[in-house]
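The primary structure of each chain is shown beneath.
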Amino acid sequence: MPAVSKGDGMRGLAVFISDIRNCKSKEAEIKRINKELANIRSKFKGDKALDGYSKKKYVCKLLFIFLLGHDIDFGHMEAVNLLSSNRYTEKQIGYLFISVLVNSNSELIRLINNAIKNDLASRNPTFMGLALHCIANVCSREMAEAFAGEIPKILVAGDTMDSVKQSAALCLLRLYRTSPDLVPMGDWTSRVVHLLNDQHLGVVTAATSLITTLAQKNPEEFKTSVSLAVSRLSRIVTSASTDLQDYTYYFVPAPWLSVKLLRLLQCYPPPDPAVRGRLTECLETILNKAQEPPKSKKVQHSNAKNAVLFEAISLIIHHDSEPNLLVRACNQLGQFLQHRETNLRYLALESMCTLASSEFSHEAVKTHIETVINALKTERDVSVRQRAVDLLYAMCDRSNAQQIVAEMLNYLETADYSIREEIVLKVAILAEKYAVDYTWYVDTILNLIRIAGDYVSEEVWYRVIQIVINRDDVQGYAAKTVFEALQAPACHENLVKVGGYILGEFGNLIAGDPRSSPLIQFNLLHSKFHLCSVPTRALLLSTYIKFVNLFPEIKTTIQDVLRSDSQLKNADVELQQRAVEYLRLSTIASTDILATVLEEMPPFPERESSILAKLKKKKGPGTVTDLEEIKKERSSDMNGSAEPASVNASAVSTPSPSADLLGLGAAPLTNSAPPPSSSGSLLVDVFSDSASAVAPLAPGSDDNFARFVCKNNGVLFENQLLQIGLKSEFRQNLGRMFIFYGNKTSTQFLNFTPTVICSDDLQPSLNLQTKPVDPTVDGGAQVQQVVNIECVSDFMEAPILNIQFRYGGTFQNLSVKLPITLNKFFQPTEMSSQDFFQRWKQLSNPKQEVQNIFKAKHPMDAEITKAKIIGFGSALLEEVDPNPANFVGAGIIHTKTTQIGCLLRLEPNLQAQMYRLTLRTSKEAVSQRLCELLSEQF
Amino acid sequence: MQFMLLFSRQGKLRLQKWYVPLSDKEKKKITRELVQTVLARKPKMCSFLEWRDLKIVYKRYASLYFCCAIEDQDNELITLEIIHRYVELLDKYFGSVCELDIIFNFEKAYFILDEFLLGGEVQETSKKNVLKAIEQADLLQESQNEDWGATS
């Protein structure tokens, strides 16, 4: 037992602790404790009144026993007696016991509260301190009720001692955290703010914590703290290292207070210019100091200095408005990435994640990609590697997605089990988000399954199927690739699921190749059947019945399998039922019925990626990654998500949009509500630089626009707040477009004003009429707007859809191009080869022909190309061109004033991966426009 | 800060301070889990780790681990120095502190901690001021002890 020189030793306690330490076994310890508990109980219950010292000693023993991990259910009353004592030594132990062993017995709380009240009123700073510590430690509802009104008074009273002020500030903070409703704002708040000016740095430190917590919930009330905090910070960072005496920590002036002040400033947006200048100076000084040689070799010096630096960087990121500071911050962190201190490397990776989401520093962060990849390979600590994965995810964009995904896949082979699932999710999200080429996406996901099949959750393999179903340009490739992957002797069950599903839908696309004939496909899948779990077998049975429809030639083989005892009499009721029903269906249904029942799956409605949802759930809300995600999406990296299939029409209660196009002309049309669009003169204002100007086009909207050239339905725009879906129909020179605005948040949009704007040039050619929409869009609700369209003459540009609304106090303004294009007014025309060439020759005037030679942007698949030409609106003429590889189309563009015949010819060159597109129409501008529009599609 | 734990290399808990209301059962579960996680880490590893939705900051001094749980927005490095400052305070008070000092004078360890941190926030960073407060209390104790000794 060590000699204790300070305070009063309690000999009995020391002996007891020694006894416990000398116990050789757990049993001996328990025995000794029980003996002591019995002894204390009898003393407490005894007739003889205990003196203060004994009471204190026994209460201390109970406390020790409790801290060893044993339950204590008595002694509270004695503790209350102690804390009501006038002797400091007893009071202190009484308070400690109550603080550690909180008890909800209300009678007891009443007694404690009473004692606390007396101590608070005692004007003895030591007693007041104990009482405040007790409130802060216990902080029960009853205590908050009793003291929430009193403590602010103590805090701001002129004659309160500094140390009591400090305790009162933090005690109030604790009360506010547990029972904010009981802490009323009031006169005291402004006086609390002025504690930031206090001479005593300890008081300032405690007050800053309190103000930060209060300001988070009541920013208005505490906004004067910003300028005070900045000047306080400025005085600290410019002070010499000895100025602050005991508040200097290893040559760093007041690091705790600096961190807290910087944290407080993060509750607010960048301050007014005057204050802002001073703050920027502070931040620059902090960044400069990081470059100075250290004043001490001690790690405490560097930790304290860098703690302030990291907090300053957090503030710079929070403001996200000073490009210089952001880039300097990024460079500083870049240095840390290679620092010998693991802690600094870890924090630099973490902090860079948030920098990556700022448009000002995203590029600067990207320059460190090699270092981060290296960290992934060489760091010995899994938590550091985890940060590196997070950072790669955050810095990923279209330019480096292939490299990052490849590195992550690489790392996945050896990654720690604890983080595999998360990496799988991240790879799946990135591959989807940045897939320019969906064959790459399919390859990546299949690789994921191969490398880490066990960690590929359902969400991931569901998603790949959704995407393949929704994107017709990748279906053939997907079928081929899964077929090849299934050849491996051992493949993961998840691959069998994906393979089964995709071949069941699109096996026909590869059936022409004798190496993947229907029978071979079937045998391949069936060879896996017996190794799979019941749900996978069920899925495969559905694939088989789909094969019956796709490949009538193997129907009997499949029926034989379904008919076998192992299927028809399977012990699993689901499998048995499927076998029986599918067999019956294949036997009695006609080809037509089979084709209808087993039709290809319709496109899935587009929603938030279920994988993203899962990652968010895994990481918990409000994590760095999450924040990053939100910022990313806000900055509208729209290209991302899979081709939006169709608007989730089921959620919309509208009259069927496909209803009555013929009645279009007769429909009563109200003019669009506030119509800058209908008045040419106003347009000048709209496009000028005034405050209410139309927002510039949302980034990525061009990509989306292009996708609608060959189709009429889908999601036009989506960010964190709003989704815009379209459904449209055209006949001759008329059209009707349904625009669906979905509020993705749980908050109302106010003053919601969508406006369709035609430029001066466009206006005479295109007549658009919109009906106004309700200015309020409830959280989660969807509203619909109808645009009636009349094409007066041929046109080049597209109208702009501008949307303005207020969301939670901020004004939102965004614009997207509305995909109303000339080709929408096509009527297909069928004609014979002879007719076609005759007309082709008639249009041989050089002004009538426009030709474009361009590189293929998508895989050159004949079926997809055909679908696109039909989607474009012209007829696809088979057996017209002598070269069967070429595509030929014809149609008439209908405008109100005229009709324009159009012929087109598309010649693919597979070897060069190029196309030549030729358009001939009677009007040069029309040839030009159609050629532009169609060239973008391949 | 949500809580602070001190435990030995053998995994014996020496001090626990909770700044959020939790049931005893939860506290025990958290302690068990964290002690295990931290003890399993190798010496050169970094001092921070993610755990549930919290950040854990820990440092080993001789046979004792000091372990703090902070929230997402909190500063890891300054927390590391909170630990160091607390160790300095203990060291100054006990004169070259060792694990046994904390075992036998656990109540003092709590008193010092309460002067330094309150409600999970730093109350006073000046070493002098914290120790002054504790020493004043000790003086008060001694004078009262004498007083008590006289009356008994």
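Residues numbered from 1 in each chain as written. Chains lettered and ligands numbered in written order. Predicted model: local features only at pLDDT ≥ 70, side-chain atom pairs only at ≥ 80, totals over all residues. Heavy atoms only, no water.

In the nomenclature of an unreviewed UniProt entry, chain B corresponds to AP complex subunit sigma from the organism Gallus gallus. Of the comments in the UniProt record for chain B, the one headed Function (unreviewed entry) reads "Subunit of clathrin-associated adaptor protein complex 1 that plays a role in protein sorting in the late-Golgi/trans-Golgi network (TGN) and/or endosomes. The AP complexes mediate both the recruitment of clathrin to membranes and the recognition of sorting signals within the cytosolic tails of transmembrane cargo molecules." According to the UniProt record, the Sequence similarities (unreviewed entry) comment for chain B reads "Belongs to the adaptor complexes small subunit family." (UniProt positions renumbered as here; feature names shortened; annotations may be inferred.)

Labelled according to an unreviewed UniProt entry, chain A appears under the name AP-2 complex subunit alpha, originating from Gallus gallus. The record held by UniProt for chain A lists under Sequence similarities (unreviewed entry) the comment "Belongs to the adaptor complexes large subunit family." We quote the UniProt Subunit (unreviewed entry) comment for chain A here in full: "Adaptor protein complex 2 (AP-2) is a heterotetramer composed of two large adaptins (alpha-type subunit AP2A1 or AP2A2 and beta-type subunit AP2B1), a medium adaptin (mu-type subunit AP2M1) and a small adaptin (sigma-type subunit AP2S1)."

1. Description of the overall build of chain A
In terms of regular secondary structure, chain A is built from 40 helices and 16 strands. For chain A, the proportion of its 938 residues judged to be buried stands at 56%. Sequence separation of 24 or more characterises 70% of the internal contacts of chain A that already satisfy a separation of 6 or more. With an accessible surface of roughly 40,000 Å², chain A has 51% of that area assigned to carbon and sulfur atoms. (Helix = DSSP H or I, 4+ residues; strand = E, 2+ residues; numbered from the N terminus. Buried < 20%, exposed > 50% of the residue type's maximum accessible area, 1.4 Å probe, protein only. Contact = heavy atoms within 4.5 Å. Areas by Shrake-Rupley, 256 points an atom, 1.4 Å probe, with all protein chains shown as cover.)

2. Some words on the overall build of chain B
A count of helices and strands for chain B gives 5 helices and 7 strands. Listing each helix as α and each strand as β along chain B from the N terminus yields β-β-α-β-β-β-α-α-α-β-β-α. By the burial criterion, 60% of the 152 residues in chain B qualify as buried. A separation threshold of at least 6 residues defines the contact pool for chain B, and within that pool the share at least 24 residues apart is 48%. For chain B, the exposed area adds up to about 6,300 Å²; of that, 50% sits on carbon and sulfur atoms.

3. Quick notes on the sheet that holds strand E9 (residues 800-807) of chain A
Residue and element names in this part refer to chain A. Overall, antiparallel pairing links the 3 strands, which are arranged E6-E9-E10 in an open sheet. Each having just a single partner strand, strand E6 (749-757) and strand E10 (810-817) make up the two edges of the open sheet. Here the average twist between neighbouring strands, direction ignored, is 15 degrees. Note that E6 and E9 share 7 bridges and pair antiparallel. Residue pairing for E9: Leu-750 is matched across the bridge by Arg-806. (Pairing = 2+ DSSP bridges. Axes fitted to C-alpha atoms, helices over the stretch in contact; angles between N-to-C directions.)

4. Some remarks on the side chain of Thr-189 of chain A
Residue and element names in this part refer to chain A. Considering the arrangement of structural elements, one finds Thr-189 in helix H11 (residues 188-193). On the basis of relative accessible area, Thr-189 is assigned to the buried category, the value being 5%. For Thr-189, the side chain forms a polar contact with the main-chain oxygen of Gly-186, separated by 2.7 Å. The residues touching Thr-189, leaving out its near neighbours within four places in the chain, are Glu-221 and Phe-222. (Polar contact = N/O pair within 3.5 Å; in protein donor to acceptor, adjacent residues only side chain to side chain.)

5. Section: unusual backbone geometry
Residue and element names in this part refer to chain A. A positive phi is found at Ala-254, a non-glycine position, where the angle reads about 40 degrees. Among the secondary structure elements, Ala-254 is positioned in the loop between strand E2 (252-253) and helix H14 (255-265). The phi angle at Gln-732 is positive, at roughly 50 degrees, despite the residue not being glycine. Secondary-structure assignment places Gln-732 in the loop between strand E4 (722-731) and strand E5 (734-743).

6. Section: the packing of aromatic side chains
Residues and elements named next belong to chain A. Tallied over the full model, the rule gives 32 aromatic pairs over all chains. Aromatic side chains Trp-461 and Tyr-462 sit 4.9 Å apart centroid to centroid with 70 degrees between the ring planes, which places their arrangement in the edge-to-face category. For Trp-461, a relative accessible area of 7% puts it in the buried group. On the basis of relative accessibility, which here comes to 38%, the residue Tyr-462 falls in the partly exposed class. Ring-pair connections join several aromatic residues into one group, and the members of that group are Tyr-741, Phe-749, Phe-752, Phe-805 and Tyr-807. In this structure, Lys-91 is placed above the aromatic ring of Phe-127, and the distance from its NZ or CZ to the ring centre is 4.8 Å. When the ring centre of Tyr-393 is taken as origin, the NZ or CZ atom of Lys-426, which lies over that ring, is 5.3 Å away. (Phe/Tyr/Trp six-rings, centres within 6.5 Å; stacked < 30°, edge-to-face > 60°. Lys NZ or Arg CZ within 6 Å of the ring centre and 35° of its normal.)

7. Re the interface of chain A and chain B
If you look at the interface, chain A gives 77 residues, while chain B gives 65 residues. Counting across the chain A and chain B interface gives 5 salt bridges. The salt bridge involving Arg-177 of chain A is made with Glu-121 of chain B; its shortest N-O contact spans 3.0 Å. Of the residues that constitute the side of chain A that touches chain B, the class distribution is 35 nonpolar, 25 polar and 17 charged. (Salt bridge = Lys/Arg side-chain N within 4 Å of Asp/Glu carboxyl O. Nonpolar A, V, L, I, M, F, W, Y, C, P; charged D, E, K, R; others polar.)

8. Quick word on the confidence of the model for chain A
Residue and element names in this part refer to chain A. Of all residues in chain A, 90% attain a pLDDT of 70 or more, and the chain-wide mean is 84. Across residues 1-7, where pLDDT falls below 50, the model places 16 contacts with residues more than four positions away in sequence or in other chains. Counted against residues more than four places away or in other chains, residues 621-692, with its pLDDT under 50, gives 140 contacts. (pLDDT = per-residue confidence, 0-100.)

9. Considering the sheet that holds strand E3 (residues 48-51) of chain B
Residue and element names in this part refer to chain B. Spatial strand order, E2-E1-E5-E4-E3: 5 strands in an open sheet with antiparallel pairing. Strand pairing shows two members of the sheet lacking a second neighbour, strand E2 (13-18) and E3, which therefore form its edges. Averaged over all adjacent pairs, the angle separating strand axes in this sheet is 20 degrees, with direction ignored. Judged from the 6 bridges that link them, strand E1 (residues 3-8) and strand E5 (residues 64-70) form a sheet pairing that is antiparallel. Bridge assignment links Ser-8 to a residue of E5, and that residue is Leu-64. Each of E1, E2, E3, strand E4 (54-61) and E5 is contacted by helix H1 (residues 24-39), which is oriented at about 55 degrees to E1, the strand it contacts most.

10. A word on the pairing of E1 of chain B
As a general feature of sheets, a regular strand has side chains that alternate between the two faces. Residues and elements named next belong to chain B. Among the 6 residues in E1, 6 count as buried, and that is most of the element. Of the two faces of E1, the one lined by Phe-3, Leu-5 and Phe-7 and the one lined by Met-4, Leu-6 and Ser-8 are each fully buried. Inspection of the sheet shows E1 paired to E2 by 5 bridges, in the antiparallel sense. The residue bridging Leu-5 from the neighbouring strand is Gln-16, located in E2. Hairpin geometry of E1 and E2 is characterised by an intervening segment of 4 residues between the two adjacent antiparallel strands and by a positive phi of about 90 degrees at Gly-11.

11. Some words on the pairing of E10 of chain A
All names here are of chain A. Strand direction decides the pairing type here: E9 and E10, joined by 8 bridges, are antiparallel. If you follow Ile-800 over to E10, its bridge partner there is Lys-817. The loop that links E9 with its antiparallel partner E10 comprises 2 residues; one of these, Gly-808, has a positive phi angle of about 45 degrees.

12. Examining helix H16 (residues 299-319) of chain A
Residues and elements named next belong to chain A. With 21 residues, H16 should reach 30 Å at 1.5 Å per residue; the first-to-last C-alpha distance of 30 Å fits that figure. Within H16, 17 of the 21 residues are buried, which leaves the element mostly enclosed by the surrounding structure. At the C-terminal side of H16, Asp-320 shows a positive phi close to 45 degrees. (Expected span 1.5 Å × (residues − 1).)

13. Observations concerning empty space enclosed by the protein
To find the voids left in a structure, one rolls a probe of water-molecule size over its atoms. Residue and element names in this part refer to chain A. A full pass over the atoms with the stated rule returns 7 cavities of 30 Å³ or more. Within this model, the largest cavity holds a volume of roughly 70 Å³. Those elements that place two or more of their residues in the lining of the largest cavity are helix H15 (273-291) and H16. The leading source of residues in the lining of the largest cavity is H15, at 4 residues. (1 Å grid on protein atoms, 1.4 Å probe; cavity = no way out; pocket = protein on both sides within 12 Å on 5 of 7 lines; lining within 4 Å. Points joined across faces, edges and corners; volume = space filled by probe spheres on them.)

14. Considerations on the nonpolar core
Core analysis: the largest hydrophobic core is formed by 269 residues, its most contacted members being Ile-116 of chain A together with Tyr-86 of chain B. In terms of residue count, helix H2 (residues 76-94) of chain B provides more of this core than any other element does, 11 residues in total. Sequence-distant contacts of Ile-116 of chain A, that is, excluding residues within four places in its chain, are made with Tyr-95, Ala-131, Cys-134, Ile-135, Met-143 and Phe-147 of chain A. Within the second largest apolar cluster, 60 residues are counted, among which are Leu-726, Phe-854, Ile-869 and Leu-930 of chain A. (Core = buried A, V, L, I, M, F, W, Y, C linked by side-chain atoms within 4.5 Å.)

15. Quick word on the environment of Met-395 of chain A
All names here are of chain A. Relative to the helices and strands, Met-395 is located in helix H21 (residues 382-395). For Met-395, a relative accessible area of 0% corresponds to the buried category. As for Met-395 and Ser-357, which are separated by 38 residues in sequence, their C-alpha atoms are 7.6 Å apart.

16. Here we look at the pattern of salt bridges
All names here are of chain A. Going through the model one piece at a time under the given rule, you end up with 47 salt bridges over all chains. A salt bridge links Arg-345 to Glu-379; the nearest nitrogen and oxygen atoms lie 2.5 Å apart. Linking Arg-345 in helix H18 (residues 342-355) with Glu-379 in the loop between helix H20 (369-378) and H21, this pair joins segments that are 34 residues apart in sequence. Across this residue pair, the class does not change: Arg-345 and Glu-379 are buried. For Arg-515, the salt bridge identified is with Asp-513, shortest N-O distance 2.8 Å.

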